[in-house]
Each structure stands twice: as structure tokens, then as C-alpha cells.
Amino acid sequence: MAAPNSALNAYKQNSVTTASPGELTLMLYNGCLKFLTKAKHAIDDKNIQEKNTNIQKSQAIIAELMSTLNMDIEISKQMLPLYQYMNRRLIEANIKNDTAIIDEVIGLTTEFRDTWKQVIKITRQQQFSNAQQV
């Protein structure tokens, strides 16, 4: 079984190293959603350590998203407080073992992810269109 795992790890590593910045951001959103879902299940299973670990992983991703914002761009100035809010809510969810708060953060993260998917799609269409004109 080591060979399939090795191949999967190589594929994942290659996916990250060859991804565009936009695709990396999309991977971060998807990873955050994965960890938030795991945290919810851990709360349901009364597994406090697993809940804590997955909420902290989600918070680390949100911190990374915050650190990559270009504050010279207006939309970044609007996103930063939302990321900060999400982080505060996750602290609260962790303390209270509250899946409803995690659901709230999942909703916000999903909206960001879906919007980001659209941005990538539009950018690719524009790049393809520009390449056709050359």
C-alpha cells in the first residue's frame, strides 16, 4: 500500500508546486472547508482534541489568507475585517463547542471560495480571448 500513498503524495505535491496563485488561494479555501467540516464532526463525536486541531488548522488558513491580502487594493480592505471576524467566531466555536458558529464560518468561506472560482474562470476566459487575438 505504500506505492499508492506515495503516488498520491507526489500528485498532491505537484498540484501545489504547479498551481497559479489563484489556484493556491482556491486550495486554501477548500482546505479550510475540509477542516471546518472535520471540526463539526469532532464536536458531534465529543472528540475535543480533534475539534481543537481542526479549528486551529482552519484558523491557520484564514491567517494565511489575511497575510496575502494586498492592502493597496480596496477589496482587500473590505475582506480583512471579514477574515478577522471569521477568526474570532472560530475562537468562540472552539470554546463553546458550537457547530452553529462553525456553520456560519463555513457559509462565509463557501461564499469566498465560490466567488474566487468565478474570478479564476473569468480570468482564464480573458487570457484565452487575448491569446486568440494575438
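Numbers given to residues run from 1 along each chain, matching the order in which its sequence is written. Given that the model is predicted, a residue must reach a pLDDT of at least 70 before its local features are reported, and side-chain atom pairs must reach 80 or more before they are shown or counted; all residues, however, enter totals for whole chains, interfaces and linings. Each side-chain value is worked out from all heavy atoms of the structure, with water and hydrogens disregarded.

Draft legend 1. Focus on helix H2 (residues 21-44). Secondary structure counts use DSSP, requiring at least four H or I residues in a row for a helix and at least two E residues in a row for a strand, with both numbered from the N terminus. One less than the number of residues in a helix, times 1.5 Å, gives the span that helix is expected to have. Between its first and last C-alpha atoms H2 spans 35 Å; for 24 residues at 1.5 Å apiece the expected length is 34 Å, and the two agree. Among all positions of H2, only Gly22, Thr25, Leu26, Tyr29, Gly31, Cys32, Leu33, Phe35, Leu36, Ala39, Ala42 and Ile43 are buried. Among the residues trailing H2, Lys46 stands out with phi positive, at a value near 60 degrees. Only protein chains enter the calculation, and the probe is 1.4 Å; a residue is then buried if its accessible area is under 20% of its type maximum, exposed if over 50%, and partly exposed in between.

Draft legend 2. View of the pattern of salt bridges. The term salt bridge refers to a side-chain nitrogen of Lys or Arg lying within 4 Å of a carboxyl oxygen of Asp or Glu. Summed over all chains, the structure comprises six salt bridges. Note that Asp114 and Arg113 form a salt bridge whose closest N and O atoms lie 2.8 Å from each other. You can call Asp114 partly exposed: its relative accessible area is 35%. Connected through salt bridges with shared partners, the residues Arg89, Glu92, Lys96 and Glu104 form a single ionic network.

Draft legend 3. Looking closely at helix H3 (residues 48-67). A rise of 1.5 Å per residue sets the reference length of H3, with its 20 residues, at 28 Å; its end C-alpha atoms lie 28 Å apart and thus fit the reference within 8%. For H3, every residue scored as buried is listed here: Lys51, Asn54, Ile55, Ser58, Gln59, Ile61, Ile62, Leu65 and Met66. Taken around the axis of H3, the buried residues stretch over an arc of 155 degrees, which confines them to a single face. For H3, exposure combined with an orientation more than 90 degrees from the buried face picks out Gln49 and Ser67. Here the arc refers to the directions that run from the helix axis out to each C-beta atom.

Draft legend 4. Representation of unusual backbone geometry. With a phi angle near 60 degrees, Lys46 is a residue other than glycine that sits in the positive phi range. On the secondary structure map, Lys46 appears in the loop between H2 and H3. We note that Asn97 has phi near 55 degrees; this positive angle belongs to a residue other than glycine. The topology assignment puts Asn97 in the loop between helix H4 (74-96) and helix H5 (99-133).

Draft legend 5. Structural view of the packing of aromatic side chains. The aromatic pairing rule takes the rings of Phe, Tyr and Trp, using the six-membered ring of Trp, and pairs them if the centres are within 6.5 Å, calling planes under 30 degrees apart stacked, those over 60 edge-to-face and the rest tilted. Across all of its chains, the model carries two aromatic pairs by this definition. Both rings, one in Tyr29 and one in Phe112, keep their centres 6.0 Å apart while their planes meet at 15 degrees; by these two values the pair is stacked. Of this pair, Tyr29 sits in helix H2 while Phe112 sits in helix H5, and the two are 83 residues apart along the sequence. The buried category is assigned to Phe112, whose relative accessible area is 14%. For the ring pair Tyr83 and Phe112, a centre distance of 5.2 Å and an interplane angle of 50 degrees mean the geometry is tilted. Of the two residues, Tyr83 is situated in helix H4 and Phe112 in helix H5; the sequence distance between them amounts to 29 residues.

Draft legend 6. Up close: the environment of Phe35. Along the polypeptide, Phe35 turns up in helix H2. Residue classification places Phe35 among the buried positions, given a relative accessible area of 15%. Spatially, the C-alpha atoms of Phe35 and Asn54 are 5.0 Å apart, while their sequence positions differ by 19 residues. When neighbours within four sequence positions are excluded, Phe35 is seen to be in contact with Asn54, Lys57, Ser58 and Ile61. Contacts: residue pairs with any heavy atoms within 4.5 Å of one another.

Draft legend 7. Representation of the nonpolar core within the structure. To define a nonpolar core, start from buried Ala, Val, Leu, Ile, Met, Phe, Trp, Tyr and Cys residues and group those joined through side-chain atoms within 4.5 Å. Residues Leu36, Ile62, Tyr83 and Ile102 are the most contacted members of the largest nonpolar core, which totals 23 residues. At the level of elements, H2, H3, H4 and H5 are the ones that each hand at least two residues to this core. Not counting chain neighbours up to four residues away, the residues in contact with Leu36 comprise Ser58, Leu90, Ile102, Val105, Ile106 and Thr109.

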